[in-house]
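Close look at the chain arrangement
The lines below spell out each chain.
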Amino acid sequence: MHSEPVGRRSRPTRRAVLGTIAGVAAAGVAGGYAWDHLGHGSGGSDGDGVGGTAADGTGTGPSARPTGARTFERLSAPDRTVVRAADGGTLATFTDGARTAVLTGPTRTFSEPRTTEAKVTTDAWVRVLPHEWQQGMEKSAWFKGWFGKALGDTSPDVFAVAFEYSSAGAPEKHNGAGVRYAGTAHFGPRNAKVNNPLDFAYHDEQSDFYDYLGIDWTFPDGTRVQPEKARYGDVDCSGFQRLVWGYRMGIPLHNTNTRGPGMPRRAFAIAAYGPGRPVIADTGEQPTDLSALQPGDLVFFAIIKDRPNFIDHCGMYMGLDDQGRHRFYSSRSAANGPTLGDLSGRSLLDGTDFYARGFRAARRL
């Protein structure tokens, strides 16, 4: 979902999608994701470990930091560098043109019993590099220092930070200036024109990261915006990604839906013009090959009933859940905030349910 900047332009009325979205998910999975294909898990989770809570970024599973010689392997589709341990297991993956890095670490389990029985147990830790990755960077001085620290780091990663805003409940955190920078987030103010709480417009869009924070914000081009008081603590789908990747993780942001340095505002613009690189192109159809995905990728959906080719929702890919299904995490109206749950549509990329049918593209920041 999306919003307009302060000085918000008028735009077409939100689509009316009535009732609970129901569907039967296909039993099979249309392909594994790259993290599994690269030997992920050798020395990591055996699939039975139960980690710590997602909110604190800690895990109680085994460490996946084997000793011995490391090798760097080049793979394609997309072009990337894979770091392997002496036993061949995957330690990390770095994608050309992207700042997202996935490292093997202690196993954690993410769950949200309020809205789903599904759980995601993973030893993938998503980090943000100080620079976009390019071939050969493993030889640079900055990488050697960074990687040595990052491989054993259990401080909050992108996943842990994202769950610091869970609509199912997350503790508040304040900085030295008294700004609440983390804690339970909601999607947006109640939309009085919609009566069905499972309708996608029951809570209003247009809440960006600075609305959640309740602070003025100046973007790199000098544009200054002010939060709306009624939206304090709220973030729509793209606002949530900007809150996590931009405000918390340091990826540059801008306040338009055009090309430019950093992450634009709305879902369709992030899909088309965002930083990093596409890993699944938008063909106007639901992708059947999901093998290029890795945890942390942004995933995009066309879910407006009368605009089937318009990207209007985005989320964060988490990997396979305990049923072997490709699950994502996003801020949604029915759950009233960030969720990996299945209220008013399953949070799945594969199968025949509502969001799976609307899945169109993926980008690695």
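Summary of the structure given here. Just so we're clear, the structure is a prediction, and the values are computed from it rather than from any experiment. (Residues numbered from 1 in each chain as written. Predicted model: local features only at pLDDT ≥ 70, side-chain atom pairs only at ≥ 80, totals over all residues. Heavy atoms only, no water.)

What about the overall build of the protein chain?
The condition is simple: Comment: elements are numbered from the N terminus, with helices defined as DSSP H or I runs of at least four residues and strands as E runs of at least two. A contact between two residues is defined here by any heavy atoms of the two lying within 4.5 Å. The Shrake-Rupley method, run with a 1.4 Å probe sphere, supplies the accessible areas, and residue values consider only the shown protein chains as cover.
When helices and strands are counted, the protein chain shows seven helices and 15 strands. Residue pairs in contact within the protein chain that sit at least 24 positions apart in sequence constitute 62% of those at least 6 positions apart. Accessible surface for the protein chain amounts to roughly 14,200 Å². Of this, 52% is attributable to carbon and sulfur atoms.

With respect to helix α5 (residues 237-248)
For the record, the criterion: Take the residue count of a helix, subtract one, and multiply by 1.5 Å to get its expected span. Partly exposed residues are those whose accessible area sits between 20% and 50% of the maximum for their type, while under 20% is buried and over 50% is exposed, using a 1.4 Å probe and protein chains only.
Here α5 contains 12 residues, and its C-alpha end-to-end distance of 16 Å stays within 8% of the 16 Å for a straight helix at 1.5 Å per residue. Counting buried residues in α5 gives 10 out of 12 residues, a clear majority hidden from the surface. All of the buried residues along α5 are Cys 237, Ser 238, Gly 239, Phe 240, Gln 241, Arg 242, Leu 243, Val 244, Trp 245 and Gly 246. Once α5 finishes, Gly 250 follows within two positions and takes phi at roughly 90°, a positive value.

What to know about the sheet that holds strand β2 (residues 80-84)
Defined as follows: In this analysis, strands are considered paired if DSSP registers two or more bridges between them. To get an axis, fit a line to the C-alpha atoms, keeping to the stretch in contact for a helix; angles then go from 0 to 180 degrees between the N-to-C directions.
Read across the open sheet, the five strands follow the order β1-β2-β3-β4-β5; overall the sheet is antiparallel. What marks the edges here is a single partner per strand, and that holds for β1 (71-75) and β5 (119-128). Taken over all neighbouring pairs, the strand axes of this sheet differ in orientation by 35° on average, direction set aside. Relative to strand β3 (residues 90-95), β2 runs antiparallel, the two sharing five bridges. Counterpart to Arg 84 in the pairing with β3 is Thr 90.

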